[in-house]
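# Tertiary structure, described
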Amino acid sequence: MKIGFDHEKYLEEQSKYILERVNNHDKLYIEFGGKLLGDLHAKRVLPGFDENAKIKVLNKLKDKIEVIICVYAGDIERNKIRGDFGITYDMDVFRLIDDLRENDLKVNSVVITRYEDRPSTELFITRLERRGIKVYKHFATKGYPSDVDTIVSDEGYGKNAYIETTKPIVVVTAPGPGSGKLATCLSQLYHEYKRGKDVGYSKFETFPVWNVPLKHPLNIAYEAATVDLNDVNMIDPFHLEEYGEIAVNYNRDIEAFPLLKRIIEKITGKKSIYQSPTDMGVNRVGFGITDDEVVRKASEQEIIRRYFKTGCDYKKGNTDLETFKRSEFIMHSLGLKEEDRKVVIFARKKLELLNEEKSDKQKTVSAIAFEMPDGKIITGKKSSLMDAPSAAILNSLKYLSNFDDELLLISPTILEPIIKLKEKTLKNRHIPLDCEEILIALSITAATNPMAEVALSKLSQLEGVQAHSTHILGRNDEQYLRKLGIDVTSDQVFPTENLYYNQ
């Protein structure tokens, strides 16, 4: 993979600018947009970006930092799913706490925003408190959004519990958008100023990139990634008017800025230091770009990937037609098409060739293609023994190990008992082995088979592989491919007509 981004330069720049913001105040509340850990979108569109760059920035400042995690009560009640990990928002809060602790960062508390007394929310609070995690309940802000006098009063932000903090930098993060990070920051500002403390607010941003052109594929890829939120990139009119400088921001921040500025000025009793929403952000990612052409191409591929993902979400009923059409429009606006993703052509061709050999009743259920780091295309098909992604993984490991394609890496004596267990004992309807099962079988084989051991040692080399499936993948396969670092897309076609047993 060609590198287009200098990760170390970014870490240095971002850390420096956060410290500059802190020096202006006794304490800084900094709202973190996007993913705190595992920012795979940034990694894909900025080749060379570390997916855990944000946590590494925080690690450089860890003695000055503590973290507040926000989660909206409504997201807990409706079991909202974080799509990239396939887990609910409440479970993602647990994951975040574990990851932050592992990185030696202090977790202050969890805030339930727009709190209502509901069973799932109360159970979540109980589970946190019994593990020694502080929990605060914040309510819908009275008077919001138009009545600033009520918002900035004991009836508004003052109704929320004050969160005791001790560090000069307080990071406010969440499992996803709409979790109440901004309201939590402003509520804290209100309480801090009532206590006579000079505190500030800022945002840790990555996208859109303010100093990259509005229609640059990098910024358009951000629109594609947030298509469900209907985010639209815009020139920041406040920044242009104040500084005569073109800066890119997005519609929600631009629309909210006049009100946000008024609220901050009401809380602090002085003129805001921010004259534009771009001013509020600490975003040095644009200065880390070293090869614009590499970033452009990577961003175009991400836009196509997002189109396929949104199409599958629509097919599964997880999003609406308008969202899918918007994703399609974004892709076409750059003159891109499905086949510009190289593996799409090979996966569909593989399925076509397989089906030419069979009768209508024997049509192959699915095929998948992997594009290896060196450009080699490896394919897999579903069989009675394993599904298409599992076959492609084994074929790829044989290629990386320079083994003959006809070699059996896993002995039938290993596979047959597993299949028998699934079919006869567990009464599974989906018999072919998925990615997890095939890798466990390969691991068992590696204990006695040196060739299987060699193949297993190549597993890490699958990171960065591009893949496309001719049918929607099951969640388990999708998650395992992601864990291996394989970027997979799928056609908007279910593998069977079954509604529940859809494998």
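Every value quoted in this text rests on a predicted model; they were computed, and no experiment measured them.

### Things to note about the overall build of the protein chain
On a plain count of helices and strands, the protein chain comes out with 20 helices and 15 strands. Counting only C-alpha atoms, the protein chain reaches 75 × 50 × 40 Å along its principal axes. Roughly 23500 Å² of accessible area belongs to the protein chain as shown, and the carbon and sulfur atoms make up 50% of that amount. If you average the places of the 73 positive and of the 78 negative side-chain charges in the protein chain, the two averages end up 3 Å apart.

### Describing the domain arrangement of the protein chain
If you check the domain split of the protein chain, you get domain 1 (5-210 + 239-286) and domain 2 (342-488). Relative to domain 2, the C-alpha centre of domain 1 lies at a distance of 41 Å. Every contact between the two is made by 7 residues of domain 1 and, on the other side, 5 residues of domain 2. Note that R44 is salt-bridged to D487, the shortest N-O span being 3.7 Å. Taken together, domain 1 and domain 2 are joined by 1 residue pair in polar contact (both at pLDDT 80 or more). Its residues placed into classes, the side of domain 1 that touches domain 2 shows 2 nonpolar, 2 polar and 3 charged.

### Comments concerning helix 11 (residues 251-268)
An ideal rise of 1.5 Å per residue puts 26 Å on 18 residues; helix 11 measures up with 26 Å between its terminal C-alpha atoms. If you look at helix 11, its biggest bend is around 50 degrees, right at F257, and the proline P258 turns up within four residues after that. Among the residues of helix 11, N251, D253, I254, F257, L259, L260, K261, I263, I264, I267 and T268 are the ones counted as buried.

### Quick look at the pattern of salt bridges
Inspection of the entire model under this criterion finds 35 salt bridges. Here E13 makes a salt bridge to R284, at a shortest N to O gap of 3.0 Å. Of this pair, E13 sits in helix 1 (residues 7-22) while R284 sits in the loop between strand 11 (281-282) and helix 13 (292-315), and the two are 271 residues apart along the sequence. On the basis of relative accessibility, which here comes to 16%, the residue E13 falls in the buried class.

### As for the sheet that holds strand 12 (residues 367-371)
One open sheet holds the 4 strands; their spatial order is 13-12-14-15, and the pairing between them is mixed. In this open sheet, the two strands that pair with only one neighbour each are strand 13 (377-381) and strand 15 (487-490). Along the sheet, successive strands turn relative to each other by an average axial angle of 20 degrees, direction set aside. In the sheet, strand 12 pairs with strand 14 (residues 466-469) via 4 bridges, with the strands oriented antiparallel. Bridge assignment links E371 to a residue of strand 14, and that residue is Q466. Strand contacts of helix 16 (residues 388-400): strand 12 and strand 13, with the helix running at about 140 degrees to strand 13, the strand carrying the most contacts.

### Here we look at the confidence of the model for the protein chain
When pLDDT is averaged across the protein chain, the result is 93; 98% of the residues are at 70 or more. For the protein chain, per-element mean pLDDT is lowest for strand 3 (residues 81-82), which scores 78, and highest for strand 14, which scores 98.

### A word on the sheet that holds strand 8 (residues 199-204)
The strand order across the open sheet built from 7 strands is 6-5-2-7-1-8-11, with neighbouring strands paired in parallel fashion. The open sheet terminates on both sides in strands that have one partner only, identified here as strand 6 (135-137) and strand 11. Summarising the sheet, strand 5 (residues 106-113) and strand 6 pair through 3 bridges and their orientation is parallel. Counterpart to I112 in the pairing with strand 6 is K137.

### Quick look at the layout of surface pockets
Approximately 580 Å³ is the volume found for the second largest pocket. Lining the second largest pocket we find 24 residues, and of these M386, A391, N395, K398 and L408 sit closest to its centre. At the level of elements, helix 15 (342-356), strand 13, helix 16 and helix 17 (412-425) are the ones that each hand at least two residues to the lining of the second largest pocket. Per element, the largest residue contribution to the lining of the second largest pocket is 5 residues, and it comes from strand 13. Residue classes in the lining of the second largest pocket are distributed as 13 nonpolar, 5 polar and 6 charged.

### Overview of the packing of aromatic side chains
We describe a pair of aromatic rings using the distance from one ring centre to the other and the angle between the two ring planes. The tally for this structure, following the rule as stated, stands at 12 aromatic pairs. Chaining the aromatic ring pairs together yields one cluster made of Y307, F308, Y314 and F324. A cation over an aromatic ring shows up here: R114 above the ring of Y72, its NZ or CZ 3.7 Å from the ring centre. Over the face of the ring belonging to Y17 we find R284, whose NZ or CZ atom lies 3.8 Å from the ring centre.

### Some remarks on the environment of R305
With respect to the helices, strands and loops of the structure, R305 is situated in helix 13. A residue is classified by how much of its surface remains accessible, and R305, at 10% relative accessible area, is buried. When the C-alpha atoms of R305 and S276 are compared, they prove to be 33 Å apart, with 29 residues separating the residues in sequence. Residues within four places of R305 in sequence aside, it is in contact with R44, A298, R341, Q466, D487 and T489. Polar side-chain contacts of R305 include one of 2.9 Å to the side chain of E302.

### Section: empty space enclosed by the protein
Evaluated as defined, the whole model comprises 1 cavity of 30 Å³ or more. Size it by volume and the largest cavity reaches roughly 140 Å³. Residue lining of the largest cavity: 15 residues in total, with S366, D387, I472, L473 and D477 positioned closest to the centre. Partitioning the lining of the largest cavity into residue classes produces 6 nonpolar, 6 polar and 3 charged.

### Comments concerning the side chain of N233
Looking at the secondary structure, you find N233 in strand 9 (residues 233-235). When near neighbours in sequence (up to four residues on either side) are disregarded, N233 contacts P208, L214, N219, I220, Y222, E223, V248, N249 and Y250.

Calculation rules
- One numbering rule holds for all chains: residues counted from 1, following each sequence as written.
- pLDDT decides what is reported in this predicted model: residues at 70 or higher carry local features, side-chain atom pairs at 80 or more are listed and counted, and totals for whole chains, interfaces and linings draw on all residues regardless.
- The side-chain values count all of the structure's non-hydrogen atoms but skip hydrogen atoms and water molecules.
- Only DSSP runs of H or I covering at least 4 residues are called helices, and only runs of E covering at least 2 are called strands; the numbering of each starts at the N terminus.
- Note that accessible areas follow from Shrake-Rupley with a 1.4 Å probe, and for residues the cover is restricted to the protein chains shown.
- Asp and Glu count as negative and Lys and Arg as positive, but His and the ends of the chain are not part of the count.
- To locate a charge, the coordinates of NZ of Lys, CZ of Arg, CG of Asp or CD of Glu are taken.
- An automatic or database domain assignment provides the domain bounds reported here.
- Contact between two residues is taken to exist if any of their heavy atoms lie within 4.5 Å; hydrogens are not considered.
- Criterion for a salt bridge: a side-chain nitrogen of Lys or Arg within 4 Å of a carboxyl oxygen of Asp or Glu.
- Whenever a nitrogen or oxygen atom comes within 3.5 Å of another N or O atom, the pair is scored as a polar contact, on the condition that within protein one atom can donate a hydrogen and the other can accept it, and that pairs from neighbouring residues in sequence are kept only if both atoms are in side chains.
- In this classification, Asp, Glu, Lys and Arg are treated as charged, Ala, Val, Leu, Ile, Met, Phe, Trp, Tyr, Cys and Pro as nonpolar, and every other residue, Gly included, as polar.
- Expected helix span is given by 1.5 Å per residue-to-residue step, counting one fewer step than there are residues.
- Bend, in this description, refers to the angle at a residue between axes fitted to the seven residues ending there and the seven starting there.
- Exposure categories follow from relative accessible area, calculated using a 1.4 Å probe and restricted to protein chains: below 20% of the type maximum is buried, above 50% is exposed, and the middle band is partly exposed.
- The pairing criterion is simple: DSSP has to find at least two bridges between the two strands.
- Orientation is described by axes fitted as lines to C-alpha atoms, over the contacting stretch for helices, and by angles from 0 to 180 degrees between their N-to-C directions.
- Each residue gets a pLDDT score, which is the predictor's confidence in that residue and runs from 0 to 100.
- Any residue with an atom within 4 Å of a point lines the site, the site being either a cavity, points on a 1 Å grid over the protein atoms alone where a 1.4 Å probe fits but cannot get out, or a pocket, an open set with protein on both sides within 12 Å along at least 5 of 7 lines.
- Grid points are joined across faces, edges and corners, and a volume is the space filled by probe spheres set on the points.
- Aromatic pairs are defined between Phe, Tyr and Trp rings, using the six-membered ring for Trp, whenever the two ring centres lie within 6.5 Å; interplanar angles under 30 degrees are classed as stacked, those over 60 as edge-to-face, and all others as tilted.
- Criterion for a charge above a ring: Arg CZ or Lys NZ at most 6 Å from the ring centre, at most 35 degrees from the ring normal.

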